[in-house]
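Close look at the chain arrangement
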Amino acid sequence: MAIWWARGAAVNEKIYIVGVTSPPSGPPNYPLEAWEVYHETTNEWQVIAGFRNAPKYNVHILAFDGELYVQGIK
């Protein structure tokens, strides 16, 4: 599935991706519909249920020192 305005970070053999699943019609201030993690060891993608239907935030994710950080700016 294509993800628009995607952002990503990798930590502890996992890749985290956030974005939208349909083409955005405006600036990147939209509900992030796609929150997924890829597990390198199992070669599988999974939806991160706790972040589904997030409010309209400009979200940044980054990995630092073995931890994943998510910052939302409204």
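Data block above holds the structure.
What counts, and where the lines are drawn
Residue positions are counted from 1 within each chain, in the order its sequence is given. Restriction of local features to residues with pLDDT of at least 70 applies here, the model being predicted, together with a cutoff of 80 or more for giving and counting side-chain atom pairs; totals for whole chains, interfaces and linings are based on all residues. Computation of side-chain values covers all heavy atoms of the structure but excludes hydrogens and water. Residues form patches when they are more than 30% accessible in relative terms and have no salt bridge. Like charges link within 9 Å. Nonpolar side chains (Val, Leu, Ile, Met, Phe, Trp, Tyr) link within 5 Å. Areas reported as accessible are Shrake-Rupley estimates using a 1.4 Å probe. Residue values count occlusion only from the protein chains shown. Salt bridges are counted wherever a side-chain nitrogen of Lys or Arg sits within 4 Å of a carboxyl oxygen of Asp or Glu. Where helices and strands are cited, they refer to DSSP runs of H or I of at least four residues and of E of at least two residues respectively, numbered from the N terminus. We call a residue buried when its accessible area falls under 20% of the maximum for its residue type, exposed when it is over 50%, and partly exposed in between, using a 1.4 Å probe and counting protein chains only. Residue contacts are defined here by distance: any two heavy atoms, one from each residue, within 4.5 Å place the two residues in contact. Residues grouped as a nonpolar core are buried Ala, Val, Leu, Ile, Met, Phe, Trp, Tyr and Cys residues, joined through side-chain atoms within 4.5 Å. What counts as a ring pair is set by centres within 6.5 Å for rings of Phe, Tyr and Trp (its six-membered ring), and what kind of pair is set by the plane angle: stacked under 30 degrees, edge-to-face over 60, tilted for all other angles.

Okay, a nonpolar patch on the surface next. Taken together, the side chains of Leu62, Phe64 and Tyr69 make up a nonpolar region of the molecular surface, amounting to roughly 340 Å² of accessible area. Note that phenylalanine 64 resides in strand β5 (residues 58-64). Residue phenylalanine 64 is classed as exposed on the basis of its relative accessible area, which comes to 56%.

Time to look at the environment of leucine 68. Here leucine 68 lies in strand β6 (residues 67-73). Here the alpha-carbon distance between leucine 68 and tyrosine 16, two residues 52 residues apart in the chain, equals 8.7 Å. Non-local contacts of leucine 68, meaning those with residues more than four positions away in its chain, are made with Ala9, Val11, Tyr16 and Leu62.

On to the nonpolar core, then. Counting residues in each nonpolar core, the largest one holds eight residues, listed as Ala9, Val11, Tyr16, Val18, Trp35, Val37, Val59 and Ile61. Among the elements of the structure, β1 (4-11), β2 (14-20), β3 (34-39) and β5 are those that each provide at least two residues to this core.

Turning our eyes to something else, we now look at the packing of aromatic side chains. Counted by the stated rule, this structure contains one aromatic pair. Arranged with centres 5.1 Å apart and planes meeting at 45°, the rings of tyrosine 38 and tryptophan 45 form a pair that is tilted. Residue classification places tryptophan 45 among the partly exposed residues on the basis of a relative accessible area of 48%.

Another aspect to go through is the environment of leucine 62. Take leucine 62: it is sitting in strand β5. The partly exposed category is assigned to leucine 62, whose relative accessible area is 45%. With 52 residues separating them along the chain, leucine 62 and alanine 10 place their C-alpha atoms 7.7 Å apart. Not counting residues up to four positions away in its chain, the partners in contact with leucine 62 are Ala9, Glu67, Leu68 and Tyr69.

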